[in-house]
Amino acid sequence: MDTITINSKYLLEKMRLGCKYTYRELLKLCDFTETQLCFAILALVRAGKMNRYREHEVMYELV
């Protein structure tokens, strides 16, 4: 498996602990670099497993 797939699966597991997260919360939760987190988010959004929307900040949540 490539690194992006591994990181996106790890992010998916961590996000199941809560409801919705900001980008900064996800960085702390997963302890990824910003590049690793961006690619993991992109993979999950493209796969239809994550939504992103804007409240007062951009929020991420599982579908």
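Everything below is about the structure shown above.
Model, not experiment: these values are computed from the prediction.

Side note on helix α1 (residues 3-15)
- The first and last C-alpha atoms of α1 sit 18 Å apart over 13 residues, in line with the 18 Å expected at 1.5 Å per residue.
- Among the residues of α1, those classed as buried are N7, S8, L11, L12 and M15. Axial view of α1: buried residues confined to an arc of 140°, hence all on one face. When the buried face of α1 is taken as reference, the exposed residues oriented beyond 90 degrees from it are T3 and E13.
- Buried-residue contacts for α1 involve β1 (20-22), α2 (23-30), α3 (34-46), β2 (50-54) and β3 (58-62).

With respect to the sheet that holds β1
- Taken in spatial order, the 3 strands make up an open sheet running β1-β3-β2, and their pairing is antiparallel. Two strands in the sheet have a free side with no partner beyond their single neighbour: β1 and β2. Pairwise comparison of adjacent strand axes, ignoring direction, gives a mean angle of 30° for this sheet.
- Alignment of β2 against β3, held across 5 bridges, turns out to be antiparallel. Considered in β3, the bridge of Y53 is made with M59.
- Contacting β1, β2 and β3, α1 crosses the sheet at an angle of about 90° to β3.
- Contacting β1 and β3, α2 crosses the sheet at an angle of about 95° to β1.

Conventions used here
- Residues numbered from 1 in each chain as written.
- Predicted model: local features only at pLDDT ≥ 70, side-chain atom pairs only at ≥ 80, totals over all residues.
- Heavy atoms only, no water.
- Helix = DSSP H or I, 4+ residues; strand = E, 2+ residues; numbered from the N terminus.
- Expected span 1.5 Å × (residues − 1).
- Buried < 20%, exposed > 50% of the residue type's maximum accessible area, 1.4 Å probe, protein only.
- Arc of directions from axis to C-beta.
- Contact = heavy atoms within 4.5 Å.
- Pairing = 2+ DSSP bridges.
- Axes fitted to C-alpha atoms, helices over the stretch in contact; angles between N-to-C directions.

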